[in-house]
Amino acid sequence: QRTDQKERLVSGLRLDLQSANNLPAEVPANPDFPELLPAIRFDGGGAGVEWNDLSPRVGVSYALDEARRTVVRASYARYAGQLSSLDGSWDSPVSSVSYLQYYWDDRNGDRVPQRDEVLTDAGVYYAWNIDPADPGSASAVNRIDRDYRAQHDWEALVGFERELFPNFAVSVAYTYRKTTDIAWLPRNGVTRRDYTRSATVTETTPLGAFTGTAFGADPSKVQPGRTLANQPDYYRRF
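Residues numbered from 1 in each chain as written. Predicted model: local features only at pLDDT ≥ 70, side-chain atom pairs only at ≥ 80, totals over all residues. Heavy atoms only, no water.

### Some thoughts on the overall build of the chain
- Looking only at helices and strands, the chain has one helix and 19 strands in total.
- For 238 residues, the compact-globule estimate of 2.2 N^0.38 gives 18 Å, and the chain exceeds it by more than 25% at 27 Å.
- Considering only C-alpha atoms, the chain reaches an extent of 85 × 50 × 40 Å along its principal axes.
- By residue count, 24% of the 238 residues in the chain fall in the buried class.
- About 16,300 Å² of surface is accessible on the chain, with carbon and sulfur atoms providing 52% of the total. (Helix = DSSP H or I, 4+ residues; strand = E, 2+ residues; numbered from the N terminus. Rg over C-alpha atoms; globule rule 2.2 N^0.38 Å. Buried < 20%, exposed > 50% of the residue type's maximum accessible area, 1.4 Å probe, protein only. Areas by Shrake-Rupley, 256 points an atom, 1.4 Å probe, with all protein chains shown as cover.)

Structure, rendered in structure tokens:
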């Protein structure tokens, strides 16, 4: 920190060391459908996550007059995102909810799925954190990109402040912030080139008519699970 009569400069450097990995764990079988969701014993491991980030910060203020009634300020900072429990455990088969989704025929009308009402013969409609072809496997279907890194925010601020009379001032500030390295979860086995556009469909609902176009991935290329990664060439700006 540096201070004189009209100028003040403050700077700092923050170091973040963050890491996570998966410990051994066990989950019991689903009590209603043990043949579909058997017990799993996971020995731990996985890709793990390790983030090392340096975040510089600097701020300066300068009084334009001897009475310090008119002050201009400026600052610059870089921030690194915090590692969540989901990041490190993303490639664990037992770290979060795993489910198989099926169609359901509510024959008795009680709005509660009974075992004989779940249409397992119709095949799996959707799966999460599990391979429908091998639901008892202790190998994770989700992956973590080897280059996965923390989200970063870059922020610059410039401001002007003027004291009109004692204890009353007006100020104006401009803030620019850019967020990069934003996480996303693309499907395994496919890229943007593997999606095709379907026909445009218009549906009428009590709220009005809606028109939409769906894009579907090539089913022959889709693999179970998703990859935790940073979305390339994408950012937010404020």
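Picking up where we left off.
### Let's talk about the pattern of salt bridges
- Counted by the stated rule, this structure contains 10 salt bridges.
- One salt bridge connects Arg-149 with Asp-181, and the closest N-O pair in it is separated by 2.8 Å. Pair noted here: Arg-149 is in the loop between β9 (143-144) and β10 (152-165) and Asp-181 is in the loop between β11 (168-180) and β12 (183-184), with a separation of 32 residues, a long-range link.
- For Arg-149, a relative accessible area of 39% corresponds to the partly exposed category.
- With a shortest N-O distance of 2.5 Å, Arg-177 and Glu-155 are connected by a salt bridge. Note that Arg-177 is positioned in strand β11 and Glu-155 in strand β10, a separation of 22 residues in sequence.
- In the salt-bridge network here, residues are joined through shared partners; they are Glu-26, Arg-41 and Asp-43. (Salt bridge = Lys/Arg side-chain N within 4 Å of Asp/Glu carboxyl O.)

### Comments concerning the pairing of β11
- Two strands pair when backbone bridges link them, and β10 and β11 are joined in this way by 13 bridges, in the antiparallel orientation. The partner of Ala-156 across the bridge, within β11, is Tyr-176.
- Counting the residues that bridge the hairpin from β10 to β11 gives two residues, and of these Asn-167 lies at a positive phi of roughly 65°.
- Looking at chain direction, β11 and strand β19 (residues 236-237) are connected through two bridges and run antiparallel. Bridge pairing in β19 links Lys-178 to Arg-237. (Pairing = 2+ DSSP bridges.)

Purely geometric stuff here, so don't read any function into it on its own.
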